[in-house]
Amino acid sequence: MSEERSQVAGSAGDEKLTPELVAFVEEWKPQPGNVIMVLHQVQEHFGYIPRSVAFEVAERLDVPVAKVYGVITFYHFFRMVRPGRHSIAVCMGTACYLKGGQDLINELEMLLGCSNGSVTDDGEFGIEAVRCIGCCGLAPVLTVDGEVFGNLTADDLPGILAQYRGK
Ligand code: FES
């Protein structure tokens, strides 16, 4: 079972729709495409889709929970895991892959003790592999909270992490 699916199977948490989100749900309830529109709004607010909120969305839209999870798992854009306080995105586009993108991921996994696609136990860093971010001339590239670091080797990573740790 994937991490996302195991999250789906777990118990609902205690996050709730805000009054603004409830109003958004009510506005969209009669309209086609309401599930995806509401989920976009939820993720923009929370940074992810909390399980408890997915249940609440299903109830308020009067659709099966399975339909809400079907949308969440179909679109890679949606995530059900709370992001780290600092998001590390390692480019795995062709240029970065050929110049060692996978080595960067391996080193980050080793340094942070969490795997690609997950978040450290303290919630500080999340790692994810992404497609080309348009800086191929700097390959291999990663971003931290949107800041670009290029021409990297694994040796550069501890210094980059130190810039963000505890902030
Ligand atoms: S392939 Fe990595 S920035 Fe384009």
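For clarity, every value in this text was computed on a predicted model and none was experimentally measured.

A word on the domain arrangement of the chain. The assigned domain composition of the chain is domain 1 (3-74) and domain 2 (86-164). Each of domain 1 and domain 2 has a C-alpha centre, and the two are 30 Å apart.

Take the packing of helix 4 (residues 51-61) against helix 5 (residues 65-74) next. The N-to-C vectors of helix 4 and helix 5 enclose an angle of 125 degrees; their axes lie 8 Å apart at closest approach. One way to sum up the angle between helix 4 and helix 5 is to call them oblique. For the crossing formed where helix 4 meets helix 5, the hand is right-handed. In this structure, helix 4 contributes Ala54, Phe55, Val57 and Ala58 to the contact, and helix 5 contributes Val65, Val68, Tyr69 and Ile72. When its residues are assigned to classes, the contact of helix 4 with helix 5 shows 8 nonpolar, no polar and no charged.

Attention now goes to the nonpolar core. The biggest cluster of nonpolar side chains holds 16 residues, and the ones touching the most others in it are Ile88, Val90, Leu104, Leu108, Ile127 and Leu142. Looking at this core, the elements with two or more residues in it are strand 1 (86-91), helix 7 (101-112) and strand 2 (125-130). Of the residues forming this core, the biggest block, 4 residues, is contributed by helix 7. Setting aside residues up to four positions removed in sequence, Leu108 forms contacts with Ile88, Val90, Ile127 and Leu157. Leu21, Val25, Ala54 and Val68 belong to the second-largest nonpolar core, a separate cluster that totals 14 residues.

Right, let's get into helix 4. Within the span of helix 4, buried status applies to Arg51, Val53, Ala54, Glu56 and Val57. Of the residues trailing helix 4, Asp62 is marked for its positive phi of about 60 degrees.

In this sheet, strand 2 lies alongside strand 1 in parallel orientation, the contact comprising 6 bridges. If you follow Ser87 over to strand 2, its bridge partner there is Gly126. In terms of strand pairing, strand 1 meets strand 3 (residues 142-144) through 3 bridges, oriented antiparallel. Note on strand 3: the bridge partner recorded for Ala89 is Thr143.

The rules we used
Residues numbered from 1 in each chain as written. Predicted model: local features only at pLDDT ≥ 70, side-chain atom pairs only at ≥ 80, totals over all residues. Domains from an automatic or database assignment. Axes fitted to C-alpha atoms, helices over the stretch in contact; angles between N-to-C directions. Helix = DSSP H or I, 4+ residues; strand = E, 2+ residues; numbered from the N terminus. Parallel < 35°, antiparallel > 145°, perpendicular 65-115°, else oblique. Left-handed = near helix turned anticlockwise from the far one by under 90°. Contact = placed C-beta atoms within 7 Å. Nonpolar A, V, L, I, M, F, W, Y, C, P; charged D, E, K, R; others polar. Core = buried A, V, L, I, M, F, W, Y, C linked by C-beta atoms within 7 Å. Buried ≥ 20, exposed ≤ 12 C-beta atoms within 10 Å, placed from the backbone. Pairing = 2+ DSSP bridges.

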